[in-house]
Amino acid sequence: LSTKMRTALLACLASTEALLISPFRVTSSAGRGSVKAAACDSEANDGDPSLILTTNVALSDKAAFVKACSAAIATSLSKPEAYVAVCVTDGHEAMSFGGSTDPCALGCVYSIGAINQENNGALTKAISELLAAHGAVPADRVYLNFFDVPRANCGWSGRTFAG
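Residues numbered from 1 in each chain as written. Predicted model: local features only at pLDDT ≥ 70, side-chain atom pairs only at ≥ 80, totals over all residues. Heavy atoms only, no water.

## Quick word on the overall build of the protein
This is how the line gets drawn: Strands are runs of DSSP state E lasting at least 2 residues, helices are runs of H or I lasting at least 4, and numbering of each runs from the N terminus. Under the scheme applied here, a residue whose accessible area is under 20% of the maximum for its type counts as buried, over 50% as exposed, and between as partly exposed, the area being computed with a 1.4 Å probe on protein chains only. Should any heavy atoms of two residues lie within 4.5 Å, those residues are considered in contact. Using a 1.4 Å probe, accessible areas were evaluated by the Shrake-Rupley method; residue-level cover was limited to the displayed protein chains.
A tally of regular secondary structure across the protein gives three helices and eight strands. By the burial criterion, 39% of the 163 residues in the protein qualify as buried. For the protein, restricting intrachain contacts to residue pairs at least 6 apart in sequence, the fraction spanning at least 24 positions comes to 75%. Counting every atom, the protein has about 8,800 Å² of accessible surface; 54% of that belongs to carbon and sulfur.

Right, dumping it as structure tokens:
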């Protein structure tokens, strides 16, 4: 893994205080390790769009923020909102961005399919606007990392989406 990718993944893991299984595999390319997203089935893109977001500011109305994030994810990824999960930790004191503890946010978006440049850009814009409105976090102090999760690596209701 590159230092930047390793740092982003570790920050995502640390910010959620949870053990997550990576949707990536390390491959070798001319003697150097590289990271590639694991293959995702091309079946219907139903299931598991989720956002895990941490910010160092106290959000003005966390319930409204979470609901607005849920709607933004459903719209941006063209997924039913009934499948969307959002977890937000605000007021996290041990957080910095660019060496500064000024308002900032770090998030990870996971989805079975629908992770692409257009959707990622739309969702980044929407979440950044919500963070600015609810917590005065400038858009240039927000990182969102996107992960396309294979159906076999996503569990729900006692099974994975692969069966």
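## A look at the nonpolar core
Definition in use: Throughout this description, the term nonpolar core refers to a set of buried Ala, Val, Leu, Ile, Met, Phe, Trp, Tyr and Cys residues connected via side-chain atoms within 4.5 Å.
Of all hydrophobic cores here, the largest spans 25 residues; its most connected members are Leu51, Leu53, Phe65, Ile127 and Leu131. Of all the secondary structure elements, the ones that give two or more residues to this core are strand S3 (50-55), helix H2 (62-77), strand S5 (105-111), helix H3 (117-135) and strand S6 (142-148). Residue contributions to this core peak at six residues, all from H2. With sequence-adjacent residues up to four places away left out, leucine 51 is seen in contact with Cys69, Ile73, Ala85, Val86, Cys87, Cys108, Val109, Ile127 and Leu144. Grouped together as the second largest cluster of nonpolar side chains are eight residues, Tyr110, Ile112, Cys154 and Phe161 included.

## A few points about the packing of aromatic side chains
Our working definition: Pairs were defined over the aromatic rings of Phe, Tyr and Trp, the Trp ring being its six-membered one, requiring ring centres within 6.5 Å. Orientation was assigned from the angle between planes: stacked under 30 degrees, edge-to-face over 60, tilted for the rest.
This model, assessed by the stated rule, comprises three aromatic pairs. Between tyrosine 110 and phenylalanine 147, the ring centres sit 5.2 Å apart and the planes meet at 20°, which makes this aromatic pair stacked. Placement of tyrosine 110 in strand S5 and of phenylalanine 147 in strand S6 is noted, with a sequence separation of 37 residues between them. On the numbers, 5.9 Å between centres and 10° between planes, the contact of tryptophan 156 with phenylalanine 161 is stacked. Since its relative accessible area comes to 12%, phenylalanine 161 is described here as buried.

## A closer look at the sheet that holds strand S4 (residues 85-89)
As a reminder, the rule being used: Note: two strands are recorded as paired if DSSP finds a minimum of 2 bridges between them. Only the stretch in contact is used when fitting a helix axis, every axis being a line fitted to C-alpha atoms; angles between N-to-C directions are given from 0 to 180 degrees.
In space, the four strands of this open sheet follow the order S4-S3-S5-S6, with mixed pairing throughout. The open sheet has two edge strands, S4 and S6, and neither has a second partner. With strand direction ignored, the average angle separating the axes of adjacent strands in the sheet is 10°. Its contacts with the sheet place H2 against S3, S4 and S5, and it is angled at close to 140° to S4. Its contacts with the sheet place H3 against S3, S5 and S6, and it is angled at close to 145° to S6.

## A closer look at the packing of H2 against H3
Rule in force here: By the definition adopted for this analysis, an angle is roughly parallel if under 35 degrees, roughly antiparallel if over 145, roughly perpendicular if from 65 to 115, and oblique otherwise. By definition, any crossing whose near helix is turned counterclockwise from its far helix by less than a right angle is left-handed, and any crossing with a clockwise turn is right-handed.
Two elements in contact, H2 and H3, have axes whose closest approach is 9 Å; the angle formed by their N-to-C orientations is 165°. In terms of axis orientation, H2 runs roughly antiparallel to H3. Crossing angle aside, the handedness with which H2 passes H3 is right-handed. Two secondary-structure elements touch here, H2 through Ala64, Phe65, Ala68, Cys69, Ala72, Ile73, Ser76 and Leu77 and H3 through Asn119, Ala122, Leu123, Ala126, Ile127, Leu130, Leu131 and His134.

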